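Residues per chain are reported as follows:
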Amino acid sequence: MGMPAFQKHRSRRSQRRHLALTHKAGNGNAGISKTQKPAFPTTAFAKLKSRRCQRRHFTGFMHGLGLFSFIFFFFACVLLLLRRLLSCHSAAPVAPSGRPAPAPGAASSSPSPDSDIQDIYMAFRGIHDADPLDPSVLLLQDRHRSHFVDTEQLQDVLRPRQQMRAFLSMWRLDSRIRPYVIRAGFYGIYRLGHIIIDWPLITCLVERWRPETHTFHVPLGETTITLQDVAIILGLRIDGPAVTGTYMVDVAELCGDLLGVTPPADALRGLTISIRWLCQQLSTPAADADEVALERSARGFILALIGSFLFPDKKGVHVHLCFLPLLRDLTLTSTYSWGGAVLAHTYRELCRASLERRCGISGCITLIQLWSWERLHVGRPDFGRSVPFAAPPLPHGLHDDDVDGVDEDVVDGLPVQHGVHPEADADVAPEPALPLGCRWRVPLTRVLNPSGVLLLYRDQLDAQTSDQVLWQPYVGEVVDRLPALCLADQDIWRTMSPLICFEIVEWHRPERVLRQFGLHQGIPPACSYDHQLHRVDARGRHQPDWATYHAPYIALWDSRAARVITSPPSVGLMDSQDPYMLWYRRITRRFMTPQLHRDDMRFHTTAGSMNVMVNRRHG
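Treat the numbers as computed from the prediction; the structure is a model and nothing was measured.

### A word on the environment of Ala231
Item 1. Note on placement: Ala231 falls in helix α10 (residues 227–234).
Item 2. Between the C-alpha atoms of Ala231 and Gly340, which are 109 residues apart in sequence, the distance is 9.2 Å.
Item 3. Beyond its immediate stretch of four places on either side in the chain, Ala231 contacts Leu236, Ile238, Cys486 and Trp493.

Put into structure tokens, the structure is as follows:
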């Protein structure tokens, strides 16, 4: 039988009285004194004391935890308030070093040694805000990749998606198809071939790409890929109608008419077609094929080349059929602005990769890498031997150095014998002149410039000097030996017009990089960031006629000749105290890595400590 409930909940005083009476009845004593404590059982008293102590300790712990949380929350609010006040204060006129600018006409005072020591100490402790002092230009800094790099939340390299090597290994260009590819204007792209991508270099460039301005922000100013670079490096046409059209096509009818075959369901994914299937069906025309069959095979080759090199999708294994109607007449195909379309697509992919935490990038990645090799010192390889500005016609016996991507003893993706031209035929047309990008299809070395390290690339760009940027690389003998197509449209290289590629519309901003054209660079006009225009894509849009949808922008492109920017010629290098540089240092983020950054067992950056003193000098 259990103990009654009133005994379980008896108070301590009643328990003492009960024990005293029990003791008196047992030994016959007159009683116990009031000061004498009854002899509690050892086990019961220990349990009672242990529970009370536990409750007391737990209550004290909870009170302490609440007090600590309150103090932490209070100081966090104070810090947020101070940061808001500092950000509001930065809207006032400030010098490039971050201190209030002197009044107009007042003499600038030299920085004191105490402030130098304070800046160096703050940089060493990591107390350094590298974000722009004037946020009026870079409106997306909080979403930009550089913001996450600064907080060390994003240290992985991007993985470009490109399948040019696989395409060349599956499809060898037949000598009978080559004239059609030349007529359409894509032979230079084919001869450029596959070049191994330097992933850390692409990642480093994406970290400095700004969607608001469509430029790379390097320490010496803004620079970008322009229509001039596309024409000279890739040899694509710039002037001409915009590459646009409709997605409302009958796949079976279109492919049967222009390719001569109807793709099965497993070769299609929406309005895209498998590049591998195109290679299997059209790469080997019959020996007695007529001109119609050869032209269909040429269309399939150009379509696969477009999907593998110029406009690759996320995986690089499918190509959109919207390009196929533009290949109906190959002579008319060569008149379109393929260079403008490639640049628009490249801009869009750079904008997407530079925001948030993207892990990959598509588009014409080879163009980005070759542009960097031509203009910047970071990651640029050296020629292993003396070579002309462009690759020799039908090169053979090339060797792979695991950097430039030239396959050993391979031409057009297939093995050849030394001393034998795979297309040596009396009926084959002579090799046309090749664009500038083909000069990198030779053995390259990395002795003088290490590569493949993202942290090293960031440090090299942070410590960039004026002699490490080639603002005008296309001069002298390089220009003299370029094919006529590369220089045919130079009168619109500086047009301030929208670039169009079906659903994509991106603005060309040469007014921000006039030094690339040998002109004086002033403070550029403000450019608005159209968020709604960047959100327009082909996802869920399978019916619209993009020529009608983007008619206002197409009209602006048609008037491109009247929208060319001009400026006086530049004389020498720009001074660090030039008005443009003073403005630029306020609106941009020049450094990617924290100043005086130290990381155990890894590469230690050196640009930060130097830039502290540079900032003080400019202050």
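### Considerations on the side chain of His550
Item 1. For His550, the location among the structural elements is in the loop between α21 (546–549) and α22 (551–558).
Item 2. Judged by its relative accessible area of 2%, His550 is buried.
Item 3. Sequence-distant contacts of His550, defined by excluding residues within four places in its chain, comprise Phe502, Glu503, Val505, Leu533 and Val536.

### Digging into the pairing of strand β3 (residues 215–218)
Item 1. What you see with β3 is no split at all: Thr215 and His217 on one side and Phe216 and Val218 on the other are buried throughout.
Item 2. Taken together, the 2 bridges between strand β2 (residues 209–210) and β3 define a ladder with antiparallel strand orientation. Within β3, the position partnered with Arg210 by the bridge is Thr215.
Item 3. With antiparallel pairing between neighbouring strands as the criterion, β2 and β3 make up a hairpin whose turn holds 4 residues, including His214 at a positive phi of roughly 60°.
Item 4. Pairing between β3 and strand β4 (residues 221–223): 3 bridges, direction antiparallel. Counterpart to Val218 in the pairing with β4 is Gly221.
Item 5. With antiparallel pairing between neighbouring strands as the criterion, β3 and β4 make up a hairpin whose turn holds 2 residues.

### Focus on the packing of α10 against helix α15 (residues 338–354)
Item 1. Their axes nearest at 9 Å, the elements α10 and α15 cross at an angle of 115°. In terms of axis orientation, α10 runs roughly perpendicular to α15. Two packed elements cross with a definite hand, and for α10 against α15 that hand is right-handed. Of the residues in α15, those touching α10 at Leu227, Val230 and Leu234 are Gly339, Gly340, Val342 and Leu343.
Item 2. For the contact of α10 with α15, the class distribution of residues is 5 nonpolar, 2 polar and no charged.

### A look at a nonpolar patch on the surface
Item 1. A cluster of nonpolar side chains, contributed by Leu67, Phe70, Ile71, Phe74, Phe75, Val78, Leu79 and Leu82, occupies part of the molecular surface with about 810 Å² of accessible area.
Item 2. If you trace the backbone, Phe75 turns up in helix α3 (residues 42–89).

### What to know about the packing of helix α9 (residues 199–207) against helix α16 (residues 365–375)
Item 1. The geometry of α9 relative to α16 is characterised by a closest axis approach of 10 Å and an angle of 85° between their N-to-C directions. In terms of orientation, α9 lies roughly perpendicular with respect to α16. In this structure, α9 contributes Leu201, Ile202 and Leu205 to the contact, and α16 contributes Ile365, Ile368, Gln369, Ser372 and Trp373.
Item 2. By residue class, the composition of the contact of α9 with α16 is 6 nonpolar, 2 polar and no charged.

### Considerations on the side chain of Thr588
Item 1. With respect to the helices and strands, the residue Thr588 is situated in the loop between α23 (579–587) and α24 (607–618).
Item 2. Judged by its relative accessible area of 3%, Thr588 is buried.
Item 3. Separated by 2.7 Å, the side chains of Thr588 and His217 make a polar contact.
Item 4. In this structure, Thr588 is in contact with Pro132, Leu138 and His217, ignoring residues within four places of it in sequence.

### Re the nonpolar core
Item 1. Counting 124 residues, the largest nonpolar core has Phe167, Leu234, Leu278, Phe323 and Trp338 as the members making the most contacts within it.
Item 2. Among the elements that line this core, the one with the most residues is helix α13 (residues 291–310), at 10 residues.
Item 3. What Phe167 contacts, discounting residues up to four positions off in sequence, is Ile275, Cys279, Phe301, Ala304, Leu305 and Ser308.
Item 4. In this structure, Val137, Leu138, Met581 and Trp583 belong to the second largest nonpolar core, which totals 7 residues.

Criteria and thresholds
- Think of each chain on its own: its residues are numbered from 1, step by step along the sequence as written.
- Given that this is a predicted model, residues contribute local features only at a pLDDT of at least 70 and side-chain atom pairs are listed and counted only at 80 or more, while totals for whole chains, interfaces and linings are drawn from all residues.
- Only hydrogens and water are set aside when side-chain values are computed; all heavy atoms of the structure are taken into account.
- Secondary structure follows DSSP: runs of H or I at least 4 residues long count as helices, runs of E at least 2 residues long count as strands, and numbering of each begins at the N terminus.
- Note on definitions: a residue-residue contact is assigned when non-hydrogen atoms from the two residues lie within 4.5 Å.
- A simple rule labels every residue: compare its accessible area, found with a 1.4 Å probe on the protein chains alone, to the largest value its type can have, and call it buried under 20%, exposed over 50%, or partly exposed in between.
- Strands are treated as partners if at least two bridges between them are detected by DSSP.
- All axes are obtained by fitting lines to C-alpha atoms, using only the stretch in contact for helices, and the reported angles, taken between N-to-C directions, cover 0 to 180 degrees.
- In what follows, roughly perpendicular refers to angles from 65 to 115 degrees, roughly parallel to angles under 35, roughly antiparallel to angles over 145, and oblique to any angle outside these ranges.
- In this scheme the handedness of a crossing depends on how the near helix is turned from the far one: anticlockwise by less than a right angle means left-handed, clockwise means right-handed.
- Basically, the charged four are Asp, Glu, Lys and Arg, the nonpolar ten are Ala, Val, Leu, Ile, Met, Phe, Trp, Tyr, Cys and Pro, and anything else, Gly included, counts as polar.
- Patches were defined on residues exceeding 30% relative accessible area and lacking a salt bridge, with like-charge contacts within 9 Å and nonpolar side-chain contacts (Val, Leu, Ile, Met, Phe, Trp, Tyr) within 5 Å.
- Note on areas: these come from Shrake-Rupley sampling with a 1.4 Å probe, and a residue is covered only by the protein chains present in the view.
- What counts as a salt bridge is simple: a side-chain nitrogen of Lys or Arg found within 4 Å of a carboxyl oxygen of Asp or Glu.
- What qualifies as a polar contact is a pair of N or O atoms within 3.5 Å, subject to a donor-acceptor requirement within protein and to the restriction that residues adjacent in sequence count only when both atoms come from side chains.
- Definition used in this section: a nonpolar core is a set of buried Ala, Val, Leu, Ile, Met, Phe, Trp, Tyr and Cys residues joined via side-chain atoms within 4.5 Å.

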